[in-house]
Amino acid sequence: KLLSEVVGSDGKLPHLSSQRILELTDKWVNNYIDLTGCIRTPDLMYSFSKLRNLAYIMGKNTFDEFEHSAFRIHSFEKKINNYSKDALHPLEIRLEGIENRPRIILGGIADRIDTYKDGEKTYVRVVDYKTGNVSFKEEYVADGSDIQLPAYLFSVTSEQNKGFFTDKGDVLPGASIYMSAVDT
């Protein structure tokens, strides 16, 4: 929510001071509390102060990262499934060598999708927000225990989703990253 309020129509984030990011974070958290109609008890406010701190760190890390990136924000919380109206098509895997060739459908919600255009090529990056320390490990993908980001990346860059990003040229996998709320 915080980023969607300040991202430009070109997907760029403006340069914001740490103080301004904190102000936007406070506004977002207070609006959320008001929206839910919660009574602001001390224990609830303590919990929301933790949420505020995480949101600030993630926002600050994202603004810092975009100061050095050619990628631009394309969309937030994009559904990847076969049943939602505005969703991207999920990744389908047909199992070979098994009677009736069953299929596995891998979908979900991509926290953020970024794009980088280079001529007629559009590179796509899928970002997943995490509240703690996290690292991508190739062996976890190889053994199937962490296929979320590669599945999202190859889903969103499939031929059937090309029109979501461009009306001409190639759509290619660029990257998939975890964005941690750990202060860096």
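Preceding this paragraph is the structure being described.
Summary of the structure given here. As a convention, each chain's residues are numbered from 1 in the sequence order in which they are written. It should be noted that, the model being predicted, local features are given only for residues of pLDDT at least 70 and side-chain atom pairs only at 80 or more, the latter also being counted only at that level, while totals for whole chains, interfaces and linings use all residues. Excluded from the side-chain calculation are hydrogens and water; included are all heavy atoms of the structure.

## Quick notes on the overall build of the chain
Put simply, DSSP H or I for four residues or longer makes a helix, DSSP E for two residues or longer makes a strand, and each gets a number counted from the N terminus. Along the chain, the regular secondary structure elements total five helices and six strands. Mapped in sequence order, the helices and strands of the chain form the string α-α-α-β-β-β-β-β-α-α-β. Dimensions of the chain, computed from C-alpha atoms along their principal axes, come out at roughly 60 × 40 × 35 Å. Any residue under 20% of the maximum accessible area for its type is buried, any over 50% is exposed, and the rest in between are partly exposed; the area is computed with a 1.4 Å probe on protein chains only. A total of 184 residues make up the chain; the buried ones form 34% of that total.

## A closer look at the packing of aromatic side chains
A pair of Phe, Tyr and Trp rings is counted when the ring centres sit within 6.5 Å of each other, with Trp represented by its six-membered ring. The angle between the planes then sorts it: under 30 degrees is stacked, over 60 is edge-to-face, the rest tilted. By the definition in use, this model includes five aromatic pairs. For the ring pair Y32 and F48, a centre distance of 6.0 Å and an interplane angle of 55 degrees mean the geometry is tilted. Taken as a pair, Y32 in helix α2 (residues 18–36) and F48 in helix α3 (residues 42–66) lie far apart in primary sequence, 16 residues in all. The exposure class assigned to F48 is buried, which follows from its relative accessible area of 10%. Their ring planes at 55 degrees and their centres at 5.9 Å tell us that F71 and Y116 sit as a pair that is tilted.

## Focus on the nonpolar core
Where a protein is soluble and globular, its nonpolar side chains tend to be buried together. One finds I80, A110, I113, V124, V126, V156 and F165 to be the most contacted residues of the largest nonpolar core, which totals 13 residues. Breaking this core down by element, the ones donating at least two residues are β4 (108–118), β5 (121–130), α5 (148–156) and β6 (170–180). Among the elements that make up this core, the one with the highest residue count is α5 (four residues). Contacts are residue-level and defined by heavy atoms, with any inter-residue pair within 4.5 Å sufficient. Setting aside its immediate chain neighbours within four residues, F165 contacts H74, I113, T115, K117, T122, V124, V156 and V171. Within the second largest apolar cluster, nine residues are counted, among which are L13, L16, I21 and L24. For this analysis, a nonpolar core means a set of buried residues of the types Ala, Val, Leu, Ile, Met, Phe, Trp, Tyr and Cys, connected via side-chain atoms within 4.5 Å.

## Re the pairing of β4
As defined by bridge partners, strand β1 (residues 72–80) adjoins β4 across seven bridges and the pair is classed as antiparallel. Bridge assignment links F76 to a residue of β4, and that residue is R112. Direction of pairing for β4 relative to β5: antiparallel, over a ladder of seven bridges. Across the sheet, the residue bridging to D118 is K121, located in β5. Taking the residues that link successive antiparallel strands as the turn, the β4-β5 hairpin has two residues, and the phi of G119 there is positive, at about 65 degrees. Here, strands pair whenever DSSP counts at least two bridges between them.

## Considerations on α2
By this rule, a helix spans an expected 1.5 Å times one less than how many residues it contains. Under the 1.5 Å per step criterion, the end-to-end length of α2 is 27 Å for 19 residues, consistent within 8% with the ideal 27 Å. Those residues of α2 lying buried are I21, L24, T25, V29 and I33. Of the residues trailing α2, G37 is marked for its positive phi of about 75 degrees.

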